[in-house]
Structure formats: structure tokens, C-alpha cells
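One letter stands for each residue in the lines below.
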Amino acid sequence: MLQIYNSYSKHKEVFKSIEPNKVRMYVCGITVYDLCHLGHARMFVVFDVVFRYLQRLGYDVTYIRNITDIDDKIIKRAAENGEDYFVLTQRYIDLMHKDCRALGVLPPTVEPKATENIDEIIRMVSTLIEKGYAYQAQNGDVYYRVKRFESYGGLSGRNIDELRAGERVDIDEHKEDPLDFVLWKAAKPGEPTWASPWGEGRPGWHIECSAMSTRFLGNHFDIHGGGMDLQFPHHENEIAQSEACTGEPYVNYWIHNGFIRMDGEKMSKSLGNFFTVQDVMKRFRPEEIRFFILSSHYRSPLNYTDANLQNARSSLSRLYTALRGWERVDSQALFDESPIVAYTERFETAMNDDFNTPEAFAVLFDMATEINRHRDENPEYAQNMAHALRENATVLGLLQEDAEVYLHSAPAKLEGDQLERDEIEALITERSKARQTKNWAESDRIRDYLKEQGVVLEDSGENTIWRRE
RNA sequence: GGCGCGGUGGCAGAGUGGUUAUGCAGCGGACUGCAACUCCGUAUACGCCGGUUCGAUUCCGACCCGCGCCUCCA
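Residues numbered from 1 in each chain as written. Chains lettered and ligands numbered in written order. Predicted model: local features only at pLDDT ≥ 70, side-chain atom pairs only at ≥ 80, totals over all residues. Heavy atoms only, no water.

## Quick look at the pattern of salt bridges
The final tally for this structure, using the stated rule, is 35 salt bridges. Linking Arg-346 and Asp-366 is a salt bridge whose minimum nitrogen-to-oxygen distance equals 2.9 Å. One end of the pair, Arg-346, is in helix H11 (residues 338–352); the other, Asp-366, is in helix H12 (residues 357–374), and 20 residues separate them in sequence. A relative accessible area of 37% places Arg-346 in the partly exposed class. When salt bridges that share partners are traced, they join Asp-34, Lys-76, Arg-77, Glu-80 and Lys-269 into one network. (Salt bridge = Lys/Arg side-chain N within 4 Å of Asp/Glu carboxyl O. Helix = DSSP H or I, 4+ residues; strand = E, 2+ residues; numbered from the N terminus. Buried < 20%, exposed > 50% of the residue type's maximum accessible area, 1.4 Å probe, protein only.)

## Describing the domain arrangement of chain A
Segmenting chain A into domains produces domain 1 (12–266), domain 2 (305–406) and domain 3 (419–468). Relative to domain 2, the C-alpha centre of domain 1 lies at a distance of 37 Å. The contact between domain 1 and domain 2 buries some 990 Å² in all, and 60% of this surface belongs to carbon and sulfur atoms. Run the count over domain 1 and domain 2 and you get two salt bridges. (Domains from an automatic or database assignment. Buried area = accessible area lost by both parts, 1.4 Å probe.)

## Describing the pairing of strand E15 (residues 463–468)
Looking at chain direction, strand E14 (residues 455–460) and E15 are connected through six bridges and run antiparallel. Across the sheet, the residue bridging to Ser-460 is Asn-463, located in E15. From the end of E14 to the start of E15, which pair antiparallel, there are two residues, and Gly-461 there has a positive phi angle of about 65°. (Pairing = 2+ DSSP bridges.)

## Here we look at the packing of helix H2 (residues 72–81) against helix H3 (residues 85–102)
Between two packed helices, the angle of one axis relative to the other and the distance separating the axes together describe the packing. Interhelical geometry of H2 versus H3 gives an angle of 105° and a closest axis separation of 9 Å. As summarised for this structure, H2 and H3 are arranged roughly perpendicular, according to the angle between their axes. Touching Ile-74, Arg-77, Ala-78 and Asn-81 of H2 are Tyr-85, Leu-88, Thr-89 and Arg-91, all from H3. Across the contact of H2 with H3, the residue classes tally to four nonpolar, two polar and two charged. (Axes fitted to C-alpha atoms, helices over the stretch in contact; angles between N-to-C directions. Parallel < 35°, antiparallel > 145°, perpendicular 65-115°, else oblique. Contact = heavy atoms within 4.5 Å. Nonpolar A, V, L, I, M, F, W, Y, C, P; charged D, E, K, R; others polar.)

## Some words on the packing of aromatic side chains
Per the counting criterion, the structure on display carries 18 aromatic pairs. Residues Phe-292 and Tyr-304 carry aromatic rings whose centres are separated by 6.3 Å and whose planes lie at 90° to one another, so their mutual orientation is edge-to-face. Here Phe-292, found in helix H9 (residues 286–294), pairs with Tyr-304, found in the loop between strand E13 (302–303) and helix H10 (306–323); they are 12 residues apart in sequence, far enough to count as distant. The class of Phe-292 is buried, set by a relative accessible area of 2%. Take Tyr-304: its relative accessible area is 6%, and that puts it in the buried class. Among the aromatic residues, ring-to-ring pairing joins Phe-15, Tyr-59 and Tyr-253 into one connected group. (Phe/Tyr/Trp six-rings, centres within 6.5 Å; stacked < 30°, edge-to-face > 60°.)

## Some points on H11
A rise of 1.5 Å per residue sets the reference length of H11, with its 15 residues, at 21 Å; its end C-alpha atoms lie 20 Å apart and thus fit the reference within 8%. The secondary structure elements touched by the buried residues of H11 are strand E1 (3–6), helix H1 (38–56), H12 and helix H13 (379–396). Of the residues trailing H11, Asp-354 is marked for its positive phi of about 55°. (Expected span 1.5 Å × (residues − 1).)

## Considerations on the side chain of Thr-115
Locating Thr-115 in the fold gives a position in the loop between H3 and helix H4 (118–130). Residue Thr-115 is classed as buried on the basis of its relative accessible area of 19%. Polar contacts involving the side chain of Thr-115 include one to the side chain of Asp-69, which spans 2.6 Å. Setting aside anything within four residues of it in sequence, one finds Thr-115 in contact with Asp-69, Ile-70, Tyr-85 and Trp-194. (Polar contact = N/O pair within 3.5 Å; in protein donor to acceptor, adjacent residues only side chain to side chain.)

Below you can see the structure in the form of C-alpha cells.
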């Protein structure tokens, strides 16, 4: 039975979907004005695993992940570049998709954009005004009237008075209340705009998610996710907008992923201490990055260090090594037999506990040990265990590559020369000849040379296999 | 200041009121021409102080330290 930590209740709760066998899930994607950094990657990967695991449990999942393609930062960046905002956003959307593909992130069911849902946004703002939850101010902006929404603060655990007393609320003379937030921004010269009942303008940030989630998932849906930093005010505001608009509960389970850290601090754009996914992929395989992300629980902070990425490399190498030689055979004779099923049950128990991927990893490693242990003496069992290992890893989006291909692949986009496969194999042949004549000096010379080139040899009897490290 | 999260062995990272997490690294052994891979074995642990308990790393309280949100941010 799946349990999910609900950020709203601050407890783990048994997951029960609104409709039997169906899950409707919305996740806040990114604002597309720059390259994805590791923090974005964590969000993509974490919710990809949620998506995959819900499907594994047999749910028909509708997964919506939006793209924010109009906002202040986009407009500013486009102006700096002297290009149209939609040229800028399209470029970064393409790059985001490229990063996601590399990281093994499955496409969501629908990936809506703010600018393609302006009608829905306008409709929602209109309803909020009609119901007295919103008002147009002197400056033309439309604001949400926070004090009208009684349960405001429920998600982030704060109340309106505390927020008002907070030091960082900036006073805006146009707002009735400093906590009110913008739903529709009146046009400023030179900005992209859309026509609306309140004049030319563009949507505020929070409203797009309310509008798009409602459009694609209905008024009330199962899961809403995003980064921890979106809990307040973004998600709090979404609840206020949607529930005020529809009069129905908005979301049953809120899931928030933790941050990536650099030297103990949150990795973020504003602090400037971030690595882009592309930066890291110059030195590590995308799968190593994915492994690194899933090696800690999704709600915990995750420290970015070279050592941790190296650790992911070694660990993944161990798993692929166990899979080597058991490639994609359909035989399932033993797959359903109890010793193997027991591991899969342990794996699911781990995942059922709020997507405990580190615990799930432990099971995968135990399976790997089991394969290695029985490789020679009971190959049929090992084969089926390998099959089961791969099946379980699929839920994490890992170990999908052919083991031999993975282990032969370059772990980094090295500058300079890298030995080609043919050269490596020629050297191995040469070394084998030396070994046959017990010319150990020559044999070791070749092995040392390859080692310097990042190629490790493994002898087993007459055969020698290799991998890159 | 308000709200919240966390401090686990050399590193990373789960978990539990009494029994091996797991991975990497270390040590010993097997395998090997030597290695690598693999297997077997093994050491190192639960921030500090009290309390509850037969027994606490695990529950409760205080304290120290770190982090996050309160402002755009995954």
C-alpha cells in the first residue's frame, strides 16, 4: 500500500486516488529563460519516478507538467538579447527536452504552456472578480484579495497575521493588502500582451497553474508536486485561486522535493552557485546524475560534490557489471518463483514508503550480489534475477542500457583523444598473445597503458573484457 | 523575529525501542601469472544533557549546531 508524505498535512498518508485506478497529477515545471540546472533536474527525475511508480502500481496516470513561458525574467532576458520572447523560450524549451531525454525523464502526458492557456486564465480571473475574490487596482493590475480566503496559509503552515508581521512583505500602494498577489498584470510599453476585460496585459505567475491544472485535470485532482520553494507562496496561492474559483477542494496530496546544495547552501539562480545539467554531463554520464539524484530521499537536501557523483559512478558500475552477460533474454521461467519475487516485494515495500529510493537501491544491490553469487553454479536463477533487477530498476529509470554498451561508453566528454574501440581491442589481442607466451612484462605494459587511458581490463580464463572508468 | 526540517560509522545514505541496511573507501581471505571483476569475512555509528523504559540511536524535554521558507526561485 503506497504511502505518500503530504506536505499539506505534514504526515505520511495512505494514497487513495479519487477515481479508482486513475491518478491525475500536476507538477510545476520550470520557467524557460536559461539552461536547466541540477535543481531542475532533481525535480524532473523525482516526479518522473513518481509517475513511473504509480504506473507500475497499475494506475492510469495523467501527468501534467507545465512550462512557464511568459514572466518578468523572460521578458528581461529577451530584451537583453534583443530577441522576441518566444524565440528565447522555444530555444530553452528545446534544451530542457534534451536534458530530460538524456536523464531518462519520460515525457508527461501533456506539457502545457502559459501562453497557450490565456483564455482559461482570463476566465478564471473573471470568476474570481465576480465572486469578490479579486479586484482591479488603480494601476490596472488585478489582485487576489487574500483576506477573503479564510484558510489561506494552510499549506505552508502560516497565518495571515504572521505573514503581515513578517519583515519582508513589501508594501504596494495599489494593493488593498500587502499580501494580495497579482493575477493579471497591466501592460507596460514594449512588453508582450494579450487582450483582456481589464485591458492589455499578461497573466501573473500563480494563476497559470490553477488554470492549466483545472483545464487538464478538473477542479479536484490527486497529486500536485513541485520544488519545496514553491510551497509558499506559489502553491498557497494556487489553492486560494482554485478553491475560491471552483468552490471545491483543489488537491489531495502535495508532494515537494528538497533542494540540491552546494557547500551546504541551496543551489539557486539567485545565489549563482549552480551547475547546469549540461555542465555536469561534460564529466559524468547522465545516468550517473540520475543515480546521484535518487541516492537520497526526495525530501532530503542533496549535496552536490564530485565525490558523490564519483560514488554514483562506482555504484552504477557495480550494478551493470552484475547484469553483464544476461542480456535481454525473455525466459521468465523462474521470474515468478519465490526467491526472486521476495526481492521485488522488498523493492516495492521500499517504494511504497513515500518513494524511498535509497532503500530501494539497497534491494537492487542485494539482487546484484545474488546474481554474482549464483552466476556459475545456477545460471538460470542468475538470469532471472538479472531480469527482475532490470524490471525493478525500470521504475527508477535506471539500468535500461545494455550492460556491455554502458560499460564501454565514455563516462565523460573528454577533451582530447580517447581510444577507439578498435584500438582497445587490438591492444587486447596483442596482450593475449603476450600472455600465451607468458610474457608478463609486455602483458602488464599494455594493461597499464590502457589503464592510463581510462580502460580497465578484466581477465577471465582465456578471455579478456574491458570497460571504461 | 515567525514557521518548518535535519544532525547516523572514513564518505554518502536508509532504518529501527532489544537482532547485518546498502554503496564507495579500508582491512583479512578466496580467485588470478600479477591485477581487475567477483565471492567470503571484518572494524569503525547514531550531536550534547536529562527523562520514560528491563532496555533508546530509535519515544519525551532542554540545549548546541546546520539548513530551508517568510522576496523571483525546482
